[in-house]
Amino acid sequence: MNSPVSYEIVDSIGVITVDNPPVNALSHAVREGILDAIHVTKSDESRAVVILCAGRTFIAGADITEFGKPPLEPYLPDLLNEIEASEKVVIAALHGTVLGGGFETALACHYRIALDSAKVGFPEVKLGLFPGAGGTQRVPRLTGIEAAVELMASGNPIGAAQAADLGLVDKVVSDDLRQAALEYAADLVASGAPIRRTRDLDVEAVDDGVFVAMQAELAKRARGQIAPLKMLEAVKGAVTMPFEEGLLQERALFWELMQGSQSRALRHIFFAEREAAKIKGLPRDATRREIQSVGIIGGGTMGGGIAMSFANAGFAVTMLEIDDEALERGLSIIDRNYGGSVKRGKLSEDQAKTCRDRIAGATDYASLADCDLVIEAVFEDPQLKKTIFAKLDGVCKDGAILATNTSYQDVDAIAAATGRPQDVLGMHFFSPAHIMKLLEVVRGAKTADDVLATVMALAKKIRKVPVMSGVCYGFIGNRMLGPYMREGQLCLIEGSTPSDIDTAMQEWGMAMGPLSVGDLAGLDIGYKARAALPVEERGDPKSYRVSDALVEMGRLGQKSGAGFYSYDPETRKKLSDPAVLEIVEREAAALGIERRNIDAGEIVDRLIYALVNEGLKIVEEGIAQRPGDIDVVYVYGYGFPAWRGGPMHYADEVGLEKVLSRINEFRQRFGDHWAPAPLLVQLVEEDLTLAEWAARQ
Ligand code: 3H9
């Protein structure tokens, strides 16, 4: 088999080239190839060695597909020690995304030259890991402890210039990296530059108190994740132990994490996110339509956020409102948001201005005639949406894609209001749309393949994570949210306080508790939706009586200063409110419920298993293409802890048999809305995990 690593000598410089598309990950063959080449350099006539990569990037890390499998020699830390030990100067030439084990490889080389566009960093924490091939020992020797910890704890890459400032890169060039690296190598040889081994550098002495403070800070930021804390332990080893011992400790801690459930969950999410972007039956290179200009109908919070997402990615945007006044209001919110981005240092003044200038306002549908894509983002009134789509059908050019941002409505019915249902689909953004990563792409019965392929690819351009959903009430995310919120409300009326419920869920890892989410979204939304339904379709009154009573008192949530909680008018701080408990007790008594103590374990199981059970139905019905898609929706759109892998992965971790037995117990205690999803029963009977089942589909 051909090795992904080649070696040649160019003008007395040995050049090791890694060519392992797509991202030059350090697979077993790559590690073996580099090691072989390093061995060759020991005795050939090369005077220095350059390690570089073909394709779009330098090594972007260890090969994650090999994680969880028995490791094969040469192990990466040993290979890197071998590179560092070379008696000839070794130079890493960096471009693209130099990440994780890739950057550790570079740090084991004696010198580093980088293209100015290169980005370097350690994303391992995002996989529930930390740099496990010497990174925790070498980085502090180059940058000092605090900068090293920040780089490894954030997981975010930095640019070449900043890396040079920190001492991680020696030379930055603007083009022809290969040539520049060869010249740099020749210069180093000519000047008799020393072999500079990172391991030999001294580590700055740091007071123990600094580590104590960093640990407290990381524990707060990590919210349940253990990897950042283990990383800190490993970095401390760089201060307290000789290099080799520090390496051994790093390796032991790294393996502990690799075998743990958090890393398994985060690795699952990494691959699930990439798989979710793929549509079964559509080739990767499916035909796509050209999108350059985007129309947005509605300048409210959603419309404005969507407009910003496109403008930030370089698209020309026309935002349509009903009249000048509404348009002004919408544009001024956008101005304010850009102002906020500048204040928070997310954008420079110039960048914010460039993006803002891409958004034009309009009040006339004719202004959308030339748009390649139009997204409707008005409030949830099905009739209004149909009227808008009929108008769009009249004005938009042939081939324009027409999308609705509806959270619940029937996309097929909206498409039927046009004479071109093949061009219509749902693009369900999450609020605030310029920040939240998730995009549910709703495929209508008649949506054309090229429309779908275009929007899935477009999502990546506007830095969203797309997941395809079929048409059903609430699509994937909000449909599952229904039973989850129902259980939250039931726990409330049966005995818990709002803060019992929210605290239990937050301590379990959810970004927010369900009742706080209700207050944030506005309790009147559900109230109005229920009011539009016949009484027999509104569900169990126990699951909405308290919320409706609050709305009837004018407690609509955060926007009215009170809902399940009160909010301090100045600080907006959430406060428990005894008045709410009185209402809960009153409604419970009216419904004949004797309130009882509900422990946190029951709260968590009821809410999470409600998600799991509905998710299984969604998978079975084909609304989601695969269980992993649901996990991506929940992690990116609903604050589900990524380190638990999403509701479907979590169910597999717990064990489906255990999940089924708890659901059956709830069915006996609380009623048939807990009937288990048929797929759950089937998988338990067949003794399959969801992941095994999904792999067979
Ligand atoms: C590590 O290094 C541990 C060490 O410290 C210690 C070891 C002892 N492995 O994201 P894309 C695949 S941990 C295997 O769409 P982009 C990916 O699945 C690692 N496969 O491209 C996808 O496959 P497919 C630390 C990988 O241009 C394809 O490549 N490194 C890996 O948007 C394209 O990916 C990281 O965590 C990998 N490491 O973004 C970096 N990386 O086409 C993880 C990617 O079949 N990777 N693939 O779906 C990334 O962040 C992005 O992929 C990157 C490119 C920024 C590189």
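Residues numbered from 1 in each chain as written. Predicted model: local features only at pLDDT ≥ 70, side-chain atom pairs only at ≥ 80, totals over all residues. Heavy atoms only, no water.

A. Structural detail: the pattern of salt bridges. A full pass over the atoms with the stated rule returns 47 salt bridges. Between Arg-530 and Asp-548 there is a salt bridge, with the nearest N and O atoms lying 2.7 Å from each other. On the criterion of sequence distance, the pair formed by Arg-530 in helix H21 (residues 523-531) and Asp-548 in helix H22 (residues 545-552) is long-range, its members being 18 residues apart. In this structure Asp-548 comes out as buried when scored by relative accessible area, which is 6%. The residue Arg-555 makes a salt bridge to Asp-577 at a minimum N-O spacing of 2.9 Å. (Salt bridge = Lys/Arg side-chain N within 4 Å of Asp/Glu carboxyl O. Helix = DSSP H or I, 4+ residues; strand = E, 2+ residues; numbered from the N terminus. Buried < 20%, exposed > 50% of the residue type's maximum accessible area, 1.4 Å probe, protein only.)

B. Just the packing of aromatic side chains, in detail. Applying the stated criterion across every chain yields a total of 13 aromatic pairs. Seen from their ring centres, Phe-310 and Phe-315 are 5.5 Å apart, and the 85° between their planes marks the pair as edge-to-face. Using a relative accessible area of 0% as the deciding quantity, one classes Phe-310 as buried. Relative accessible area serves as the criterion here: at 6%, Phe-315 is assigned to the buried category. Look at Trp-508 and Tyr-650: their rings are 5.1 Å apart centre to centre, the planes differ by 85°, and that puts the pair in the edge-to-face class. With Trp-508 in helix H19 (residues 498-508) and Tyr-650 in helix H26 (residues 647-654), this residue pair connects regions lying 142 residues apart in the sequence. In terms of burial, Trp-508 and Tyr-650 fall into one category: buried. An aromatic cluster is built from Phe-130, Phe-254 and Trp-255, whose rings are joined through pairwise contacts. (Phe/Tyr/Trp six-rings, centres within 6.5 Å; stacked < 30°, edge-to-face > 60°.)

C. Inspection of the environment of Arg-667 at higher detail. Note on placement: Arg-667 falls in helix H27 (residues 656-670). Overall, the relative accessible area of 32% leaves Arg-667 in the partly exposed class. Arg-667 has contacts with Asp-672, Trp-674, Ala-675 and Pro-676, leaving out every residue within four places of it along the chain. (Contact = heavy atoms within 4.5 Å.)

D. Seen up close, the sheet that holds strand S14 (residues 401-404). Across the sheet, which stays open at both edges, the 8 strands sit in the order S12-S11-S10-S13-S14-S15-S16-S17 with mixed pairing between neighbours. Two strands bound the open sheet, and with one partner strand each, they are strand S12 (359-362) and strand S17 (465-469). Each neighbouring strand pair of the sheet contributes to a mean axis angle of 25°, computed without reference to strand direction. (Pairing = 2+ DSSP bridges. Axes fitted to C-alpha atoms, helices over the stretch in contact; angles between N-to-C directions.)

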